[in-house]
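Given next are the chains, with one letter for each unit.
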Amino acid sequence: MFEVPEENVATPARGARVISGDIRLAVLDGDTKNYDIERGYTRHTITDSSDNPGIIVRLATPTIINHVRMLLWNRDNRSYAYYIEVSVDQKDWVRVIEHSDYFCRSWQNLYFESRVVQYIKLVGTSNTVNKEFRVVSLEALHTARVPPLRNGLIEPVHNVATLDLSAAVIEGISRSRNALLDGDTSHYDWEQGFTCHQIGSGAIVVQLAQPYLLGSIRMLLWDCDYRHYSYYVETSLNYRDWEMVCDRTREACRSWQVIYFKPRPVSIIRIVGTNNSVNEVFHLVHLECPAQVEEPREDLAAKQHRPSIENRLNPSGPAPAPGPGPAAERYDA
């Protein structure tokens, strides 16, 4: 039995190798930058078979681990579902991660009870584009830095709707792709710094990298004047089944919104605006989950009206959406 605290043991230098899967060298080579549609990942074919061999990594020796970090191929907005099993002899397998019905993307940070492991099996159960499960990188280690867990999912304390944690805006219109998740709650105006959708058509959709156990969301509605909005919020794990966690369609809401709900697994958040007291567009500046209410914030409800040339010419408020051209981008799943 072997243990190397806080160090990745799934490397060729430590004797690890891939014994099942196609393009076997890629997943352990440590390269998380140079990959595309044709190269830089290890894969297996997704089937309905219960004995799919998947991708199997053999560690050099039985080793204690409790953390797997994995990069799913993410050059587009596709989602994957998968599970992970571990074994010491390739005969008796223990499932330590069960995301078979949860849509996931990009970097996966996974934790489980410390176990002696020599074989790690990754089995994809779904890809929203094709029948390949693609893994760019895999790390396995034992760490003392384990976040709060409940029912196999991370119950985060800090915001997980961030670019660093691979969250992504899947649907919505903005001049900057990252505006909603970049953490900037100060630099926005009539033209930039918000994400929006036409009321009555579409929504703003954010996908987290993996399912988390969440019980709160905090959002900043665009508030450069004294308009108010109405909206509702839904969550999902798969884009098929949605649960409403907040219905404020009959309320006049403005600026910061804190939403609490019964904790549940969440990987997808959909915000649908139903009213704007000035025009027909719903504008959102910032989203975070869980709500970071313990941090001191500027009293944005008392923020003064921000003058601009455009506003003086068009006092009804910002344009319904960023204009056409390279400055505006749309993100549709």
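Residues numbered from 1 in each chain as written. Predicted model: local features only at pLDDT ≥ 70, side-chain atom pairs only at ≥ 80, totals over all residues. Heavy atoms only, no water.

The name that an unreviewed UniProt entry assigns to the protein chain is F5/8 type C domain-containing protein, with the source organism given as Arctia plantaginis.

Novice: It is not clear to me how the side chain of Glu-288 should be interpreted in this structure. Could you clarify?
Specialist: As for its position among the elements, Glu-288 is in strand 17 (residues 281-288). Among the residues examined, Glu-288 registers a relative accessible area of 2% and is labelled buried. Separated by 2.8 Å, the side chains of Glu-288 and His-286 make a polar contact. For Glu-288, the side chain forms a polar contact with the main-chain nitrogen of Gln-292, separated by 2.8 Å. (Helix = DSSP H or I, 4+ residues; strand = E, 2+ residues; numbered from the N terminus. Buried < 20%, exposed > 50% of the residue type's maximum accessible area, 1.4 Å probe, protein only. Polar contact = N/O pair within 3.5 Å; in protein donor to acceptor, adjacent residues only side chain to side chain.)

Novice: Where do I start with the nonpolar core in this structure?
Specialist: Buried together is how nonpolar side chains tend to be arranged in soluble globular proteins. The biggest cluster of nonpolar side chains holds 43 residues, and the ones touching the most others in it are Leu-208, Ile-217, Met-219, Tyr-231, Val-233, Ile-271 and Phe-282. Mapped onto this core, the elements with two or more residues apiece are strand 13 (204-221), strand 14 (229-236), strand 15 (242-253), strand 16 (256-276) and strand 17. Top contributing element to this core by residue count: strand 13, with 9 residues. The contact partners of Leu-208, leaving out residues within four places of it in the chain, are Arg-105, Val-160, Ala-161, Ala-167, Leu-214, Val-266, Ser-267 and Cys-289. Tyr-41, Ile-65, Ile-84 and Ala-140 belong to the second largest nonpolar core, which has 37 residues in total. (Core = buried A, V, L, I, M, F, W, Y, C linked by side-chain atoms within 4.5 Å. Contact = heavy atoms within 4.5 Å.)

Novice: How should I be thinking about empty space enclosed by the protein in this particular structure?
Specialist: In this approach a probe as big as a water molecule rolls over the atoms, and the regions it shows empty are the leftover space. Applying the stated criterion across every chain yields a total of 1 cavity of 30 Å³ or more. As a volume, the largest cavity reaches approximately 40 Å³. If you trace the largest cavity, you find it lined by Ile-97, His-99, Asn-109, Leu-110, Tyr-111, Gly-152, Leu-153, Ile-154 and Gln-210. Among the elements that take part in the lining of the largest cavity, strand 6 (residues 107-127) stands out by supplying 3 residues, more than any other. When the residues that make up the lining of the largest cavity are grouped by side-chain class, the tally is 5 nonpolar, 4 polar and no charged. (1 Å grid on protein atoms, 1.4 Å probe; cavity = no way out; pocket = protein on both sides within 12 Å on 5 of 7 lines; lining within 4 Å. Points joined across faces, edges and corners; volume = space filled by probe spheres on them. Nonpolar A, V, L, I, M, F, W, Y, C, P; charged D, E, K, R; others polar.)

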